[in-house]
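This is what each chain is made of:
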Number of protein chains: 2
Amino acid sequence: MKNFNEYFLMGTADVTNYVKEHVEIFKDAQNISCDEIGDGNLNYVYRVVNMDTNESVIVKQAGTTARISDEFVLSTTRNKIETEALQLQYELAPGLVPKILILDETMSCCVMEDLSHLTIMRTAMTEFETFPLFAEHITDFLVNTLVRTSDVVMPHKEKKALVQSYINSELCEISEDLVFTEPFHNNFNRNEITPGNEAFVQTLLYDNKPLHLEVAKLKFKFMNHSQALLHGDLHTGSVFIDQNETKVIDPEFAFFGPMGYDIGNVMANLIFAWARGNAMDEQEFTNWTEHTLMDVIELFTEKFHKTWDTYATELTANNQEFKEAYLSDVLKDTAGMAGLELARRIVGLAKVKDITTIESIEKRLQAERICLQVANELILHPENFASGESYIVALQNARLEESK
Amino acid sequence: MKNFNEYFLMGTADVTNYVKEHVEIFKDAQNISCDEIGDGNLNYVYRVVNMDTNESVIVKQAGTTARISDEFVLSTTRNKIETEALQLQYELAPGLVPKILILDETMSCCVMEDLSHLTIMRTAMTEFETFPLFAEHITDFLVNTLVRTSDVVMPHKEKKALVQSYINSELCEISEDLVFTEPFHNNFNRNEITPGNEAFVQTLLYDNKPLHLEVAKLKFKFMNHSQALLHGDLHTGSVFIDQNETKVIDPEFAFFGPMGYDIGNVMANLIFAWARGNAMDEQEFTNWTEHTLMDVIELFTEKFHKTWDTYATELTANNQEFKEAYLSDVLKDTAGMAGLELARRIVGLAKVKDITTIESIEKRLQAERICLQVANELILHPENFASGESYIVALQNARLEESK
């Protein structure tokens, strides 16, 4: 039996031994089942069950390359960033992330609460399941993890110490390439355009000079605006959910960046769900996504004010006009970043099931064009998206344009 | 004799022993002179001369509190940041900073090239000395140290590693308080207003709501915009100079922040020199400061384009409109930050000799009001300051306003 004093990539047998050695509830277990259940792009995830008691945990380990592609060689220290982010988010937004039991820096793994009773939100949404509490929960998560790790709330020296420990250059580089660069240039062979939409993408993304200018600004904002501790990859595949609970997982891309990146990712991924509902004529589901899109912006705005007023320690935060200007900047970033996520998931390396599983090729191409049209609006005119309603208007306009 | 294996605050005898032990040219010295020559706010600076050979070095050590006030308790690791910044700046802008001979992290000291043949620029300017090469030299320094440590030029992972190692929370906090907060509120007892200007300051700084909004935005830009490695305290007391050479010293406030903070500090401190020349009717000197103010902006702009075009590695840097937008943002920050430096040096804790040594109290009060009036313009309308000439117009308007 291998020991765990030096890093190696574990298999199921190793993980079984690992929990026996490290986790109280497995100490005397006679029957342990262990399955690799990871479907993300980067890591290995094991569900381990004590079959005697039916208690279970999740073990997540970082490998030395990304699962999605060997091109991404990654330091395994990212597991530490992810686990510490979860611990901090657990403090700030209790109940909205899994509880961490063990952080093991040597093995680059962590042991956490098993959330298998919940479903991945994107998967459930492909079956048109709706989640009436999602907007409420996710805005709680966003406001508490973002505003409360900013200089508005945190003592500035403590915040700078966090900025320092969450420098996450390898994972940020992935986003800088896949989100902010490749989708807008036709000389990257990782782009994949659905046959039929080539000309549309050429015009709207590759040859669109004004768009490139705004994308460049957003890329530098992503790299240089150390506003708050982001989740960094807050799409609907990073959310476990049912009718009562919402748990945000997988913050391995965590770093200090612009709040709008997280909020924009939530919005964009809800727009994919909307586009799917729309393509498949699921009116009730589509209505729910529209309400949810509106609620995310409206509830975020409402809670932003409350959180600011309750927790601010920074002297200038007393200035009401400054609070408004700050929020307006966050919402502008939200729109731009949502546009980027929409664009990169349609043409870039990492696609979303909401769109790829639309069976009718005609409907899929149409859904893609609608998403890209909305992306274009969001990136070029982010100042127009200060309300939830403005998103719906943009969606409806893009749909109308397509039906002409 | 004490050893140097553990930090203690050295006196002249200790420093003499230190150089004998550590610096080649003092090994066999029979006659060494050692004088404390520091006049900065934070550290202890010794000039050590081998009287046999007339060779000399500077030893600079960080104490555990600031010299200016025991209120500032500081980690001595700031000496490491300062010395490493000088080493990096020496690579990027050779000839424009002193050469480092030794970095001693244990003793929190460094040994560097002696620049005593040069004069502190502020001191020389109080005697109306002019420096025709200053604008050329300082813009070389600014462009090379700023643009070449940004994401435009540096590979992003290397740049993030530098951001991490230059987190400088204690020194940044001093600026956050003294530059961005206290000068705008009358409830800080560290402010000192020259008697006679109380009402003016009350109206222009303390009761000026629109100004407070812009100051808050600039404060957050200072804290959250990790654009480039700043000197962090680039006033004319941090410049050694003569008719041929310019050497920038004392980058202990170095951190990754907005480029405009450094450029704005240069501009503001030239404006103080201008205000002195103006108050004392030194026409020739005043003319030189005006030309220099214009040249700093114009030469920076010219060299910014060249440096960008020569060194950029970031793909989006090919976008000419992005380059223009980036520069325009830097110049806007420059104006705002210059306004902040003007304001805080007139009403805040750390004053400047250019103004405090104007003997006529009437002329001094007038010079202060002119500086504050210009500060107000710069902070409220930074977008109007995209050219060197625009600064001169603002100075002339403020002077005219005062002479009414």
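Our structure is the block above this text.
The structure reproduced in this document is the subject of the present report.

Rules behind the numbers
- Residues numbered from 1 in each chain as written.
- Chains lettered and ligands numbered in written order.
- Predicted model: local features only at pLDDT ≥ 70, side-chain atom pairs only at ≥ 80, totals over all residues.
- Heavy atoms only, no water.
- 1 Å grid on protein atoms, 1.4 Å probe; cavity = no way out; pocket = protein on both sides within 12 Å on 5 of 7 lines; lining within 4 Å.
- Points joined across faces, edges and corners; volume = space filled by probe spheres on them.
- Helix = DSSP H or I, 4+ residues; strand = E, 2+ residues; numbered from the N terminus.
- Nonpolar A, V, L, I, M, F, W, Y, C, P; charged D, E, K, R; others polar.
- Pairing = 2+ DSSP bridges.
- Axes fitted to C-alpha atoms, helices over the stretch in contact; angles between N-to-C directions.
- Contact = heavy atoms within 4.5 Å.
- Least-squares fit on C-alpha atoms with pLDDT ≥ 70 in both.

Unoccupied space between atoms shows up once a probe the size of one water molecule is rolled over them. Counting across every chain of the model gives one cavity of 30 Å³ or more. Each pocket or cavity is described by its volume, and for the largest cavity that value is around 300 Å³. If you trace the largest cavity, you find 25 residues lining it, with Val163 and Ser226 of chain A together with Val163, Ile167 and Ser226 of chain B closest to the centre. The set of elements that each furnish at least two residues to the lining of the largest cavity consists of helix 5 (156-165), helix 8 (209-224) and strand 10 (255-257) of chain A together with helix 5 (156-165), helix 6 (169-178), helix 8 (209-224) and strand 10 (255-257) of chain B. Taken together, the residues that form the lining of the largest cavity break down as 15 nonpolar, six polar and four charged.

Let's shift gears to the sheet that holds strand 3 (residues 55-62) of chain A. Residues and elements named next belong to chain A. Reading across the sheet, the five strands line up as 1-2-3-5-4 and stay open at both edges, with antiparallel pairing between neighbours. One side of each edge strand has no neighbouring strand; the edge strands of this open sheet are strand 1 (32-36) and strand 4 (100-104). For this sheet, the mean inter-axis angle between neighbouring strands, taken without regard to orientation, is 20 degrees. Note: strand 2 (residues 43-50) against strand 3, eight bridges, orientation antiparallel. For valine 49, the partnering residue across the bridge sits in strand 3 and is serine 56. Contacts from helix 1 (residues 12-22) reach strand 1, strand 2, strand 3, strand 4 and strand 5 (109-113), with the element oriented near 130 degrees to strand 1. Packing of helix 2 (residues 78-92) onto the sheet brings it into contact with strand 2, strand 3, strand 4 and strand 5, and relative to strand 4 it is tilted by some 155 degrees.

Here the largest pocket defines a volume of roughly 1300 Å³. Taken together, 39 residues make up the lining of the largest pocket; nearest its centre are Lys221, Asp329 and Lys332 of chain A together with Lys221 and Asp329 of chain B. Per element, the largest residue contribution to the lining of the largest pocket is nine residues, and it comes from helix 11 (residues 320-347) of chain A. Partitioning the lining of the largest pocket into residue classes produces 16 nonpolar, nine polar and 14 charged.

So, about the relation of the copies chain B and chain A. At an RMSD of 0.0 Å, chain B and chain A line up after a rotation of 180 degrees and a shift of 0.0 Å along the axis. The transformation relating the two chain copies, once decomposed into turn and shift, fits a two-fold axis. Take the interface residues of chain B: 100% of them recur as interface residues in chain A, which is what a same-surface contact looks like.

All right, on to the sheet that holds strand 9 (residues 246-248) of chain B then. Residues and elements named next belong to chain B. An order of 6-8-9 is seen for the three strands of this open sheet, with the pairing classed as antiparallel. In this open sheet, the two edge strands, each paired with only one partner strand, are strand 6 (119-120) and strand 9. Two strands pair when backbone bridges link them, and strand 8 (residues 239-241) and strand 9 are joined in this way by three bridges, in the antiparallel orientation. Each bridged residue has a counterpart across the sheet, and for valine 239 the counterpart in strand 9 is valine 248. Its contacts with the sheet place helix 4 (residues 134-146) against strand 8 and strand 9, and it is angled at close to 35 degrees to strand 9.

Without other data, these values stay purely geometric and don't point to any function.
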